[in-house]
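Remarks on the overall topology
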Number of protein chains: 2
Amino acid sequence: MTALLPPLPEPPDPGDARTNLTLAATGEPEMLRADAARNRALLLDAASRLLVRCGAANLTMESVAAAAGVGKGTVFRRFKDRTGLLIALLDHREALLQAAFLTGPPPMGPDAPAAERLHAFGPALMRHERDHHELILASRTDPLRTYEVPAQRLRLSHVTLLLRQARAAGEPELLAHTLLGSIDTPLVHHLTCERGMDIDRLEESWHDLLNRYGVQR
Amino acid sequence: MTALLPPLPEPPDPGDARTNLTLAATGEPEMLRADAARNRALLLDAASRLLVRCGAANLTMESVAAAAGVGKGTVFRRFKDRTGLLIALLDHREALLQAAFLTGPPPMGPDAPAAERLHAFGPALMRHERDHHELILASRTDPLRTYEVPAQRLRLSHVTLLLRQARAAGEPELLAHTLLGSIDTPLVHHLTCERGMDIDRLEESWHDLLNRYGVQR
DNA sequence: GAAGTAAGCGGACCGTGGTCCGTTTAAAGT
DNA sequence: ACTTTAAACGGACCACGGTCCGCTTACTTC
C-alpha cells in the first residue's frame, strides 16, 4: 500500500460512526467481496503511482489494470469508467480538506461562527484545487457528472448550511452554487494561468461576494 | 505562407468592442479554398441533419463524413476534433442571440441603458441555452476549452463592457464570470431538470446579483 | 495555358474506452 | 465438508476518435 498522501486506510468499514463522514463523502462504501476490496485498493494505488509518473493525460485504463496485476474488465466494473476512476482518486485526496472544515480548528472548523467559516472556506478550497488541478480538470469530462461527485455535493451542502446559519440574503442553495462557481477550478486555472490574474484578487472577490449578501466576517 | 489560420492571440482586451466582437463571433472564417469551403458547408449541414435525427450522443465523425459524402480526414482537418465540430454547430446557431444583444431593439440592444441591457441579458441567455442544451452539454468535454469558444468570449466581453458602463462595483471581468457562471448551462440544467427548481427563481437570482453590485434597473 | 505549389483530400491504420460472456471464486447455507 | 449462487474476474472483441501519408486539385504566376 504505502499511502503517499493520506494515512487514511481505504478498506470499507461499515458501521463505524467516524467513517460515516467519509461515507457521506465517498457515496457508496458498498460492502465488497474480499477479493474485490483488495483489487480496488491495488487499483487505486497503481493509478496513483502511474499518475505521478506519467500524468493524468497518459493514464490509460489498461495500464492501470496491468500495473495492478488485474484484468481490464475489473477496472471498469469497479469504477464504471475512466472518469469514475479519476473521481475516486480525487475523493481519496479530499480527506484533509474535509477534515479541515468538518472537524478542524477555527476559522474553518465548527468552533468558529458561520460567517467566519464561510470566509475561510473559499481560499482554502482554492488552494486545495490548485494542488490537484490536473486531476480535477481531467475528471471534468461530463459537465453534469460534476453534480454527482460526492465531494462536490458535500461542499455544496456545507456551504448552503453555513449560509443559512449566517442568515445570508437570498436563496442559500443558489447562492452556494454561485459562490462555488466563482472559484471553480477551470475558471481559477484559466484566470491565473492564461490571463495572469493574481490569486489574491480572486480571494478578495470571494469575500466581496459574501459581504454583499450580508455575510460579514 | 498565406496566413490561413487564426489570428487568435488577442491577449489584451482593450476597450474597442466592435472589432473584437465580430472577430470573436465569427472565429475563423478565414478564406478557404473553394472546395474546402463547399465541404465545410456540406459537413455542417449533414451534421445538423444527423443531430436532429440521432441526437448528439450518436453523432459520430464517420457518419457525418459519410452523410456529407467526404472522407473522414476532411472532417478532422476542418474542425480539428469532435468538440470543434460541435462548437462550430453551436456558433452557427448563436446568430440570433448575438444579433439581439448587439444590434437588436431594447431592452437588450444598444439603445437601452447598460443596466437595463444587463438585466435583460441573463434571462435571454438562459432561454437560448435551454433551447440548445443538448448541443451545449455535448460540447463541454474539455473544461478549459470553454474559455476559447468564440461565442463565450463574446458574451464575456459584452457583459464586462456593460458592467463597466453601468458602473458596477468590483472588478468587471470577475463579476462577469460570476454572473455568467451563475446561469451556466450545466448548472441551470441540473437545477431545473434534476432538482425541479423553477426557472423564474433563477432569473430572480440573476437580477438580485446585479442589484447587489449596484446595477439597478 | 502551362507549370509550380501549397492546401485539400481520403481512407488505411492505430490506440483507447467500453462491452460481453464464459470461467472462477468467495461466502452463506446445510 | 459439500452444495449453491451470485459476485467477481479476465481478456477477446468492438466502435469511435484521431493521425498519417501518398495522391489530387484549386489557385497563382508568367
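Report on the accompanying structure. (Residues numbered from 1 in each chain as written. Chains lettered and ligands numbered in written order. Predicted model: local features only at pLDDT ≥ 70, side-chain atom pairs only at ≥ 80, totals over all residues. Heavy atoms only, no water.)

A closer look at unusual backbone geometry
Omega for the bond connecting Pro106(A) with Pro107(A) falls within 30 degrees of zero, at 5°, which places this linkage in the cis form. Looking at the element boundaries, Pro107(A) is found in the loop between helix H6 (95–102) and helix H7 (114–131). Unlike most non-glycine residues, Lys80(A) shows phi in positive territory, near 75°. Looking at the secondary structure, you find Lys80(A) in the loop between helix H4 (72–79) and helix H5 (82–93). With a phi angle near 60°, Arg167(B) is a residue other than glycine that sits in the positive phi range. (Helix = DSSP H or I, 4+ residues; strand = E, 2+ residues; numbered from the N terminus.)

Digging into helix H12 (residues 199–212) of chain A
Its 14 residues place the ends of H12(A) 20 Å apart at the C-alpha level, agreeing with the 20 Å of an ideal helix rising 1.5 Å per residue. Residues Leu202(A), Ser205(A), Trp206(A), His207(A), Leu209(A) and Leu210(A) constitute the buried set of H12(A). Residues of H12(A) that are buried sit in contact with H7, helix H9 (150–165), helix H10 (172–182) and helix H11 (185–194) of chain A together with helix H10 (172–182) and helix H12 (199–212) of chain B. (Expected span 1.5 Å × (residues − 1). Buried < 20%, exposed > 50% of the residue type's maximum accessible area, 1.4 Å probe, protein only. Contact = heavy atoms within 4.5 Å.)

Observations concerning the nonpolar core
In a soluble, globular protein the nonpolar side chains are often hidden away together inside. Core analysis: the biggest nonpolar cluster contains 70 residues, and Leu163(A) and Leu163(B) have the highest contact counts within it. Ignoring any residue separated from it by four or fewer positions in sequence, one finds Leu163(A) in contact with Leu118(A), Ala168(A), Pro172(A), Leu175(A), Ala176(A), Leu179(A), Leu210(A) and Val215(A). (Core = buried A, V, L, I, M, F, W, Y, C linked by side-chain atoms within 4.5 Å.)

Brief notes about the interface of chain A and chain B
At the interface, 29 residues of chain A touch 30 residues of chain B. The contact between chain A and chain B buries some 2800 Å² in all, and 60% of this surface belongs to carbon and sulfur atoms. Contact with chain B buries surface across chain A, with Leu144(A), Leu174(A) and Arg212(A) losing the most and accounting together for 20% of the total. For the interface between chain A and chain B, the tally reads 4 salt bridges. Between the two partners, chain A and chain B, sit 9 residue pairs in polar contact (both at pLDDT 80 or more). Of all the secondary-structure elements, those providing two or more residues to the side of chain A that touches chain B are H10, H11 and H12 of chain A. (Buried area = accessible area lost by both parts, 1.4 Å probe. Salt bridge = Lys/Arg side-chain N within 4 Å of Asp/Glu carboxyl O. Polar contact = N/O pair within 3.5 Å; in protein donor to acceptor, adjacent residues only side chain to side chain.)

All quantities given are derived from atomic positions and should not be read as evidence of function.
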